[in-house]
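Structural features, examined
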Amino acid sequence: MADSRDPRTAPPGASVSYDGGSGTGGHAPGGPSPDTPSAGGGAAAPADAYLERRALRRGSAGPLLLTGLGVAYVVSGDFSGWNNGLAQGGFGGLAIAAVLMGLMYTCLVFALAELASVLPTAGGGYGFARRALGTWGGFLTGTAILIEYVLAPAAISIFIGDYVRSLGLFGLTSGWPVYLACFVVFIGIHLWGVGEALRFSLVVTAVAVAAVLVFAVAALTDFRVAALDDIPVDANAWGANSWLPFGVLGIWAAFPFGMWFFLGVEGVPLAAEETRDPARTLPKAMAAAMGILLLLAVVTFLAATGARGSAALQSVGDPLVQALRPDGKPTAVSRIVNYAGLAGLVASFFSLIFAGSRQLFALSRAGYLPRFLSLTSRRKAPYLGLLVPGALGFTLAAATGDGARMLNIAVFGATISYALMSLSHIVLRRREPELHRPYRTPGGSLTSTVAFVLSCAALVATFLVDRTAAFLALGVYGVALAYFALYSRHRLVAAAPEEEFAALAAAEAELKRE
């Protein structure tokens with residue numbers, strides 16, 4: 001049976017070292033605690049006091065806000081980044097890669113929708129993997145997600161600086177003052193409250209989506225099939241032709257760029273604890289967001305390459321704007337799209353900060369990371385979960401200025417998390433077939449198996465694109481794993497929701513064996 005003294009397996013209600021900090025000092029269950037507030041003339045249980053100081057605002061998000069959040073994570077990828085895949089695979093290679101990655105994300109979203117309906121906690125992917133794969137699987141998944149959501153905002157802040165410079169806004173140039181303004185202003189909105197933050201995100205996202213549709217209408221008037229495959233063919237590449245100018249291997253190398261049309265949508269479950277009726281709302285919002293993103297990917301890719309040509313767009317920073325400038329001169333529509341591109345970057349930057357703070361909050365609350373990082377403010381915002389990653393992101397942006405490399409590191413972390421989350425769905429389907437599932441994934445384990453295989457292929461593809469970024473991500477992963485192995489895995493918090501779910505499952509399995 002579970003040992004109540006062991007924070008890794010203690011049953012619900014057991015309390016382990018509820019000191020509110022990251023140290024090892026603690027209290028006996030039911031004993032006095034510096035976190036214990038007085039209530040009704042008595043003292044609350046240590047576990048309740050611990051969680052009370054780490055509570056998010058419940059019921060702040062409904063289907064519309066969550067759908068907007070899912071699109072906001074991704075929409076900046078429609079404005080830039082994906083086009084670099086043309087330099088890896090040509091039009092045909094990137095098209096096939098985008099279709100396969102779209103399939104991967106669709107299968108992943110359906111699998112996560114089921115998991116989110118079963119385990120609606122702020123831990124998201126970490127919580128799913130914790131239940132299915134144990135503490136090591138939970139930490140591996142949570143760390144991979146955290147790498148994605150800390151590095152991506154840092155990269156996007158650099159891209160925002162580039163847009164500000166190109167638009168000549170306020171006479172500013174791209175540099176640390178712009179990056180600092182991004183983090184200060186948008187973290188400030190998040191500190192104000194989650195409801196206000198998600199409404200702001202929805203408005204900015206709506207502007208960006210409208211601009212993509214305006215772009216598509218304008219660009220399709222100049223659409224030419226001949227422009228799609230105008231990249232010179234590499235005669236030395238195996239299987240090369242006009243549609244696959246870099247050969248069959250180019251398809252694989254384009255995987256990470258095909259992901260840019262969808263990267264981040266898997267973060268919607270991180271808002272579970274702040275959602276009204278999460279078991280019903282999360283699956284609907286995730287499916288709606290994925291449908292919108294698939295539509296935007298198709299119209300963006302075809303309209304841009306068909307209007308200007310694949311060769312002209314394969315290495316530019318603003319492909320949608322350049323697609324509307326066939327003679328190199330700006331037009332009224334290109335200016336609108338240029339400003340909207342900035343809105344798209346802001347939407348993704350803003351929403352990714354939200355995702356990173358919630359993943360850090362959940363890992364900290366459960367003791368995988370220092371516990372003080374999960375403390376929440378009077379407005380129920382995880383203020384240190386926002387400020388610490390923000391400070392780290394600003395430092396990386398200001399010190400390196402290399403947004404492309406940071407995004408490649410983020411993609412590496414994302415692909416690891418996708419493989420582990422898909423595997424979690426497969427394991428829970430097989431190990432706990434009778435588990436109550438308010439929403440069931442269409443296709444069951446077959447769907448998550450497709451996502452698992454494609455995510456593994458995408459993980460290997462990151463080494464084809466940027467080996468330095470992949471090895472840097474591995475280095476960060478190694479440091480995090482050492483911290484977990486040597487320190488935090490012995491100091492987990494049994495009362496954290498994700499740990500309680502896992503403890504209940506372990507206890508039930510033990511009873512069945514008896």
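Each residue is numbered by its place in its chain's sequence as written, counting from 1. Where local features are concerned, this predicted model is filtered to residues with pLDDT of at least 70; where side-chain atom pairs are given and counted, the filter is 80 or more; whole-chain, interface and lining totals use all residues. Note that water and hydrogens are dropped before the side-chain values are worked out from all heavy atoms of the structure.

Within the protein one finds 18 helices and two strands. Type-normalised accessible area, obtained with a 1.4 Å probe on protein chains alone, sets the label of each residue: buried when under 20%, exposed when over 50%, and partly exposed for intermediate values. Within the protein, the proportion of its 514 residues that are buried is 58%. When the accessible surface of the protein is totalled, it reaches about 19200 Å², and 66% of it is carbon and sulfur. Helix numbering and strand numbering both begin at the N terminus, where a helix is a DSSP run of H or I of at least 4 residues and a strand a DSSP run of E of at least 2. Residue-level accessible areas treat just the shown protein chains as cover; the underlying method is Shrake-Rupley with a 1.4 Å probe.

This paragraph deals with the packing of helix α13 (residues 332–365) against helix α14 (residues 383–400). Relative to each other, α13 and α14 sit at 115°, their axes nearing to 8 Å. When you trace α13 past α14, the crossing you get is right-handed. Residues Ile 353, Ser 357 and Leu 360 of α13 form the contact with α14, whose own contacting residues are Gly 385, Leu 386 and Pro 389. Under this scheme, a helix contributes an axis fitted over its contacting stretch, all axes are lines through C-alpha atoms, and angles between N-to-C directions fall in the 0 to 180 degree range. Left-handed is the label given to a crossing in which the near helix is rotated counterclockwise from the far helix by less than a right angle, and right-handed is the label when the rotation is clockwise. Contacts are assigned to residue pairs with any non-hydrogen atoms lying within 4.5 Å of each other.

Following the sequence through the fold, Thr 205 ends up in helix α7 (residues 194–220). Residue classification places Thr 205 among the buried positions, given a relative accessible area of 3%. One polar contact links the side chain of Thr 205 to the main-chain carbonyl oxygen of Ser 201, over a distance of 2.7 Å. In contact with Thr 205, other than residues within four places in its own chain, are Gly 68, Val 71, Ala 72 and Ala 347. Definition of a polar contact: a pair of N or O atoms within 3.5 Å, with one able to donate and the other able to accept a hydrogen when the atoms are protein atoms, and with sequence-neighbouring residues admitted only if both atoms are side-chain atoms.

Another aspect to go through is α14. In a helix, the anticipated span is given by 1.5 Å times the number of residues less one. The terminal C-alpha atoms of α14, which comprises 18 residues, lie 26 Å apart, in line with the 26 Å expected from a rise of 1.5 Å per residue. Buried residues of α14: Leu 384, Gly 385, Leu 386, Pro 389, Gly 390, Gly 393, Phe 394 and Ala 397, and no others. Lining the buried residues of α14 we find α5 (125–167), α6 (176–192), α13 and α15 (403–431). Positive phi appears at Gly 401, one or two residues downstream of α14, with a value of about 65°.

Since one α-helical turn is 3.6 residues long, residues separated by three or four positions face the same way. Helix length check: α6, at 17 residues, gives a terminal C-alpha distance of 24 Å against a target of 24 Å (1.5 Å per residue), a fit within 8%. Along α6, the residues classified as buried are Val 178, Tyr 179, Cys 182, Phe 183, Phe 186, Ile 187, Ile 189 and His 190. Down the axis of α6, the sector holding all buried residues measures 150°, keeping them to one side. Residues of α6 that are exposed and point over 90 degrees away from its buried face: Trp 176 and Val 184. The arc in question is the one spanned by the directions pointing from the helix axis to the C-beta atoms.

A carboxyl oxygen of Asp or Glu within 4 Å of a side-chain nitrogen of Lys or Arg is what we treat as a salt bridge. Summed over all chains, the structure comprises nine salt bridges. Glu 499 is the partner of Arg 130 in a salt bridge, and the nearest nitrogen-oxygen pair spans 3.0 Å. Taken together, the residues Arg 130 in helix α5 and Glu 499 in helix α18 (residues 497–513) connect sequence positions 369 residues apart. Here Glu 499 falls in the buried class, since its relative accessible area comes to 2%. The structure contains a network of salt bridges with shared partners spanning Glu 114, Arg 429 and Arg 437.

Structurally, the position occupied by Phe 452 is in helix α16 (residues 445–465). A residue is classified by how much of its surface remains accessible, and Phe 452, at 27% relative accessible area, is partly exposed. Considered as a pair, Phe 452 and Tyr 418 are 34 residues apart in the sequence and their alpha carbons are 7.0 Å apart. Beyond its immediate sequence surroundings of up to four residues, Phe 452 is in contact with Ala 419, Ser 422, Leu 423 and Ile 426.

With that settled, consider unusual backbone geometry. Unlike most non-glycine residues, Asp 277 shows phi in positive territory, near 50°. By secondary structure assignment, the location of Asp 277 is in the loop between α9 (255–258) and α10 (278–308). Backbone geometry at Lys 380 places phi at a positive 65°, although glycine is not the residue there. As for its position among the elements, Lys 380 is in the loop between α13 and α14. Since its relative accessible area comes to 31%, Lys 380 is described here as partly exposed.

In this structure, Ser 357 sits in helix α13. Polar side-chain contacts of Ser 357 include one of 2.7 Å to the backbone oxygen of Phe 354. Aside from chain neighbours lying at most four places away, what touches Ser 357 is Pro 382, Gly 385 and Leu 386.

Here the focus is a nonpolar patch on the surface. By definition, no residue in a patch forms a salt bridge, and every one has over 30% relative accessible area; like charges are joined within 9 Å, nonpolar side chains (Val, Leu, Ile, Met, Phe, Trp, Tyr) within 5 Å. Together, Leu 220, Phe 223, Val 225, Trp 243, Val 298 and Leu 302 line one region of the surface with nonpolar side chains, adding up to about 520 Å² of accessible area. Here Leu 220 lies in helix α7.

If you look at the biggest cluster of nonpolar residues, it comprises 151 residues, and the most contacted ones within it are Phe 79, Trp 82, Tyr 105, Ile 160, Phe 215, Met 259 and Tyr 418. Take this core: its biggest share by element is 21 residues, from α5. To qualify as a nonpolar core, a set must consist of buried Ala, Val, Leu, Ile, Met, Phe, Trp, Tyr and Cys residues joined through side-chain atoms within 4.5 Å.

Each pair of aromatic rings taken from Phe, Tyr and Trp, with Trp reduced to its six-membered ring, is defined by centres within 6.5 Å and is described as stacked if the planes are under 30 degrees apart, edge-to-face if over 60, and tilted in the remaining cases. If you walk through the whole model with that rule in mind, you get 23 aromatic pairs. When the centroid spacing of 5.7 Å and the interplanar angle of 85° are considered together, the rings of Trp 82 and Phe 301 count as edge-to-face. Of this pair, Trp 82 sits in the loop between α3 (76–79) and α4 (86–118) while Phe 301 sits in helix α10, and the two are 219 residues apart along the sequence. Accessibility classification places Trp 82 together with Phe 301 in one group, the buried group. Seen from their ring centres, Phe 183 and Phe 349 are 5.0 Å apart, and the 75° between their planes marks the pair as edge-to-face. Residue Phe 183 is found in helix α6, and its partner Phe 349 is found in helix α13; the two are separated by 166 residues along the sequence. Classification of Phe 183 by relative accessible area gives buried; the value is 5%. Assessed through its relative accessible area of 0%, Phe 349 is described here as buried. Ring-pair connections join several aromatic residues into one group, and the members of that group are Trp 82, Phe 91, Tyr 105, Trp 243, Phe 261, Phe 262, Phe 301 and Tyr 418.

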